[in-house]
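# Structure assessment
In case you want the letters, here they are:
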Amino acid sequence: MIQFTSDHGDITVSSAVFSNITGMAATNCFGVKGMAYRSMTDGLVHLLRREAMSKGVSITYHDDNSISIELHIIVENGVNLPAVCRSIMNEVRYVVTRNTGVTVKDVDVCVDSMTL
């Protein structure tokens, strides 16, 4: 959680907020099929539904009130992976900063699977 102090009181932003914003921004990018989650029981990668897409996002907090984001995605077949990942990084950084006011230091995109 990150806390801000304003003239009107304290504001606390939870990890769920960052995860939901990140998941929505990433899945709106071209070539992204959805968020991914690696199951601990069978080791397989599963495509997450819209309600559970925060499982594919990991948030790390820093001392200077900034965050780092790691997200796991499944992409469509035939897309240019570096271009898709660059697009996701820029979109996530912009949308999270615009909606929460928190500086995003890093966005790491892990492509876990490709749909055929």
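Just above, that's the structure.
Here's a quick rundown of the structure. All values reported here derive from a predicted model rather than from experimental measurement.

Another aspect to go through is the overall build of the protein chain. When you go through the protein chain residue by residue, the secondary structure sums to two helices and seven strands. For the protein chain, the N- to C-terminal ordering of α and β elements is β-β-α-β-β-β-β-α-β. Relative to the globule expectation of 13 Å for 116 residues, the C-alpha radius of gyration of the protein chain, 15 Å, shows essentially globular dimensions. The dimensions of the protein chain, computed from C-alpha atoms along their principal axes, are 55 × 30 × 25 Å. Put simply, the protein chain shows about 6900 Å² of open surface, and 50% of that area lies on carbon and sulfur atoms. Distance from the positive charge centre (9 side chains) to the negative charge centre (12 side chains) of the protein chain: 8 Å.

It is worth spelling out the packing of helix α1 (residues 15-27) against helix α2 (residues 81-100) at this point. For the pair α1 and α2, the least separation of the axes is 9 Å and the interaxial angle reads 135°. The angle between the axes of α1 and α2 places the two elements in the oblique class. As for the relative orientation of α1 and α2, their crossing is right-handed in sense. Along its contact with α1, which presents Val17, Phe18, Ile21, Thr22, Ala25 and Ala26, the element α2 presents Ile88, Glu91, Val92, Val95, Val96, Asn99 and Thr100. Its residues placed into classes, the contact of α1 with α2 shows nine nonpolar, three polar and one charged.

Where nonpolar side chains cluster on the molecular surface, the patch consists of Leu81, Val111 and Met114 and spans about 200 Å² of accessible area. By the element assignment, Met114 lies in strand β7 (residues 103-115). Looking at Met114, the relative accessible area reads 34%, which means it is partly exposed.

Here we take up the pattern of salt bridges. Using the criterion set out here, one finds one salt bridge in the structure. Residue Lys105 is joined to Asp64 by a salt bridge in which the shortest nitrogen-to-oxygen separation is 3.6 Å. Here Lys105, found in strand β7, pairs with Asp64, found in the loop between β5 (57-61) and β6 (66-76); they are 41 residues apart in sequence, far enough to count as distant.

Across its 13 residues, α1 extends 18 Å between first and last C-alpha, which sits within 8% of the 18 Å expected from 1.5 Å per residue. For α1, the set of buried residues is Phe18, Ser19, Ile21, Thr22, Gly23, Ala25, Ala26 and Thr27. Where α1 is buried, its residues contact β1 (2-6), β2 (9-13), β3 (32-38), β5, β6 and α2.

Criteria and thresholds
Residues numbered from 1 in each chain as written. Predicted model: local features only at pLDDT ≥ 70, side-chain atom pairs only at ≥ 80, totals over all residues. Heavy atoms only, no water. Helix = DSSP H or I, 4+ residues; strand = E, 2+ residues; numbered from the N terminus. Rg over C-alpha atoms; globule rule 2.2 N^0.38 Å. Areas by Shrake-Rupley, 256 points an atom, 1.4 Å probe, with all protein chains shown as cover. Lys, Arg positive; Asp, Glu negative; His and termini not counted. Charge placed at Lys NZ, Arg CZ, Asp CG, Glu CD. Axes fitted to C-alpha atoms, helices over the stretch in contact; angles between N-to-C directions. Parallel < 35°, antiparallel > 145°, perpendicular 65-115°, else oblique. Left-handed = near helix turned anticlockwise from the far one by under 90°. Contact = heavy atoms within 4.5 Å. Nonpolar A, V, L, I, M, F, W, Y, C, P; charged D, E, K, R; others polar. Patch = residues over 30% accessible without salt bridge, like charges linked within 9 Å, V, L, I, M, F, W, Y side chains within 5 Å. Salt bridge = Lys/Arg side-chain N within 4 Å of Asp/Glu carboxyl O. Buried < 20%, exposed > 50% of the residue type's maximum accessible area, 1.4 Å probe, protein only. Expected span 1.5 Å × (residues − 1).

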